[in-house]
Structures are given as structure tokens and as C-alpha cells.
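Descriptive analysis of the structure
Each chain, letter by letter, is given below.
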Amino acid sequence: MSKIRARISGIHAWVPPYILNNKELESMVETSDEWIVSRTGIHERHILKGEGLGTSDMGAEAVRGLLEKTGTKPEEIDLLICATVTPDMMFPATANIISDKAGIKNAFSYDVNAACSGLLFSLVTASKFIETGSCKKVVVVGSDKMSSITDYTNRETCVLFGDAAGAILLEPTTEEVGIMDSILQTDGSGRVHLHMKAGGSIKPSSHETVDAKEHFIYQEGQPVFKFAVTKMADIAAEIMERNNLSSKDISYLVPHQANLRIIEATARRMGVGKEQVMINIGRYGNTTSATIPLCLWEWENKLKKGDNIILAAFGGGFTWGSIWVKWSY
Ligand code: UT7
């Protein structure tokens, strides 16, 4: 019997309309367009505005678009996984709320918290349900309203992040396409460099935690940068080596978009040229779990069946990983 693989059969994304550009940030904190562009590659990012709107609203937009585009009925979905670090609430899972808003009634759903690697961790998890035959149609959503945990008086973090959602449909195939191989890693000791201090069980929310601005992203940029550069580049190279893929075999590297310099270092390590790398950080900033589907969505028309694509990410946790995908349509 031939092996069942999980293939990506559709991709969609959604970004909120409001654009926060570097010029506007210059009026909010002591920064400059020149500093932001030269250190990160970011020119603008989209921000979700509006009372009562959260991560699930962006996720549901992406999922509704995905179902419509692929001609899939909501009731056909068996499982929905949402990668996020900005859930609507502590509980229930944002995945459940997205399912409800998108009319998905016959599925089970849950969240995966792996920060910027969340999309990769979720894709691998979802692919196992397909490979074992337990599920036929699985939706993976990466959705993050980073503006909800960003301190817009802190120039070290507020220039980096944006809001967005992306959704991927996975289905079984016996062809030699789909998710071919993956490597995922975590190192919890990295939490000291990138975390949110309060609002969890160690330090529940209180007046003091709000006054101390402990409900925002805390990031020590340089140590995170050092880890990200080596880990993301090494893991992307490792998945190529262990599958005997050379840079000529690769159609595209799809890197997590945290910093243009990290993306360029990963491409150099893999030996791939600029034209082989999906880069849109300039227009969206770091949208955490949504960066990879946002890239695939924008490049979808250029992709061909059989293209070898390497997805790579690094993020809070620390978490990092890479996936080799053969495009299936
Ligand atoms: O996606 C999840 C994982 N996260 C990442 O991968 C992020 C990794 N880290 C980075 O991308 C970079 O470290 C940053 C973009 C966050 C910062 O860039 P950097 O080149 O590492 O800058 P730095 O933190 O070393 O700061 C250099 C200087 C400092 O001033 P002094 O001490 O040299 O006077 C900062 O205060 O730049 C200053 N600075 C700024 N200046 C203008 C920091 N942020 C800003 C700003 N505008 N927005």
C-alpha cells in the first residue's frame, strides 16, 4: 500500500486594512525610518483596529476565504488547529472560536503555542492526523494580533510587529508531494530572553502588573537575534542535507519574517539566491504565526506542482524548525 502524505491543497490569508508605517511610528517613539529599515527591513505593518475584534476574527476571515476558494464546505473539516500567542482569551482555545465563526461544526479544534514557529509545529501535528488516516481535511490557521501585546511606548519592540492571519488546508494524497520531512526543536531555557511577564499562573494580572507594563512582549533583541541566526539557518541546512537536496533543487525558501538580516543569513547558509527566497517583511513586519502562510499566499501563483519548498522558523520558547514541502498544485 502506498504511503499517505499530507498535501497542502489550499492557502489563504487576511490582513487588517489599517497600515502603520514608519513615519507614524516616528511620531510615537524616538525612532527613525532609517533605523527601522536598516536594522529590520520593515517599512510598514497592518494593525487590527476596532473594539471587540481579536485574533479569532482575523483567523475566521482567513478560514472563510480558504474554504470558499477551495470549494470546501465547513462541515467537511475534521480538525482545526490555531497557532497563536495572542489568543482571544486564556480559555477557551481560539481555534474553537474560529471554528464557530467560520461555521465549522463537525471538527475538534485546539491551539498550539509555539510563538513564531507555531505554524510549523501546527502543520507537522496536523500532518500526522492525515498520515494516520484519522482525518481527511484539516485546517491550520496562524493568527496573531501582536498589537494587543505590544507596548507602543517601547521603541525596541513596537517597530517590529504586525497583525495578520493565514490559513492552510491539508488533505491526504498518495502522490510524491506534500509534507515530505520535518525537524522541530525547543529549548525552554531561552524563555528568559523573550516572554510576557504577567497574566499567567506565575504572576496573575493585578494593578501592579498593569502599572509595570508586564502584559507586553519582553524581548532582549540581541541574544534572540544570535540564536535566531544560527538556529534557523542550521535547521534549514540540516533538512536539505538529510534529504540530499542541493540549493539547485530548491524552488523557494519560506522563512519566518522577523528580521531581513536573519532571513539573508539563512539563505546564505543554504546557498540559495535572493530570487529563491520569499520576503515580504517590508510590508507586514513580524506577524508571528502568520508570516509563513502570508508568504505562501502572496507567492501562490508562482508555485508549481513538484516544487521543493523549505519552510523555516525561529521564535519564542525558544522554538525552531524546518519543513520540506513538495507543492501539490
Ligand atoms: O520573531 C521572534 C524572534 N525575534 C527575533 O528574531 C528578533 C531578533 N532580534 C532582532 O531582530 C534585533 O535584535 C532587533 C531588530 C530587535 C534590534 O536590532 P539590533 O541591531 O540588535 O539593535 P540593538 O538592540 O543592539 O540596539 C542598538 C541601538 C541601541 O542604542 P544604543 O544602546 O546603541 O545607544 C538601541 O537602544 O539601537 C537602539 N534602538 C533603536 N533606535 C532607534 C533600539 N530600537 C530602536 C528603534 N529606533 N526602534
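Quick note: structure is the one above.
Attention in this report is confined to the structure presented alongside it. This one's a predicted model, so the numbers in the text were calculated from it and none came from an experiment.

1. Some thoughts on the pattern of salt bridges
Counted by the stated rule, this structure contains 14 salt bridges. Taking the shortest distance from any N to any O, the salt bridge between Glu300 and Lys69 comes out at 2.8 Å. Highlighted residues: Glu300 in the loop between α11 (291-299) and β12 (308-315) and Lys69 in helix α3 (residues 55-70), separated in sequence by 231 residues. On the accessibility criterion, Glu300 (15% relative accessible area) is buried. Through salt bridges with shared partners, a single network forms among Glu76, Lys137 and Glu171.

2. Points about the packing of aromatic side chains
Tallied over the entire structure, the rule returns six aromatic pairs. Arranged with centres 4.8 Å apart and planes meeting at 50°, the rings of Phe227 and Phe318 form a pair that is tilted. Taken together, the residues Phe227 in helix α8 (residues 221-242) and Phe318 in the loop between β12 and β13 (319-326) connect sequence positions 91 residues apart. Judged by relative accessible area, which is 29%, Phe227 ranks as partly exposed.

3. Re the site of the ligand
Taken together, 23 residues sit near the ligand, with Thr31, Arg39, Gln222, Asn259 and Asn286 positioned nearest. For the ligand, an oxygen atom lies 2.8 Å from a polar atom in the side chain of Arg39. Contact distances for the ligand include 3.0 Å between an oxygen atom and a side-chain N or O atom of His256. In isolation the ligand offers 950 Å² of accessible surface; the protein chains occlude 76% of this area. Breaking the shell around the ligand down by element, the ones donating at least two residues are α2 (33-40), α6 (155-158), α8 and α9 (260-270). By residue class, the composition of the shell around the ligand is ten nonpolar, eight polar and five charged. Shared between two domains, the shell around the ligand holds at least three residues of each, these being domain 1 (5-176) and domain 2 (180-326).

4. Some details on the sheet that holds strand β6 (residues 138-145)
Across the sheet, five strands lie side by side as β1-β7-β6-β4-β5; this open sheet has mixed pairing. Only two strands of the sheet have a single neighbouring strand rather than two, namely β1 (5-14) and β5 (108-112). Mean inter-strand twist for the sheet, computed between neighbouring axes without regard to direction, equals 20°. Pairing geometry for β1 and strand β7 (residues 163-173), over nine bridges, is antiparallel. In the strand pairing of β7, His12 is matched with Ala167.

About the criteria used
Residues numbered from 1 in each chain as written. Predicted model: local features only at pLDDT ≥ 70, side-chain atom pairs only at ≥ 80, totals over all residues. Heavy atoms only, no water. Salt bridge = Lys/Arg side-chain N within 4 Å of Asp/Glu carboxyl O. Helix = DSSP H or I, 4+ residues; strand = E, 2+ residues; numbered from the N terminus. Buried < 20%, exposed > 50% of the residue type's maximum accessible area, 1.4 Å probe, protein only. Phe/Tyr/Trp six-rings, centres within 6.5 Å; stacked < 30°, edge-to-face > 60°. Near = heavy atom within 4 Å. Polar contact = N/O pair within 3.5 Å; in protein donor to acceptor, adjacent residues only side chain to side chain. Areas by Shrake-Rupley, 256 points an atom, 1.4 Å probe, with all protein chains shown as cover. Nonpolar A, V, L, I, M, F, W, Y, C, P; charged D, E, K, R; others polar. Domains from an automatic or database assignment. Pairing = 2+ DSSP bridges. Axes fitted to C-alpha atoms, helices over the stretch in contact; angles between N-to-C directions.

Fair warning: the whole summary comes from geometry, so function is off the table for now.
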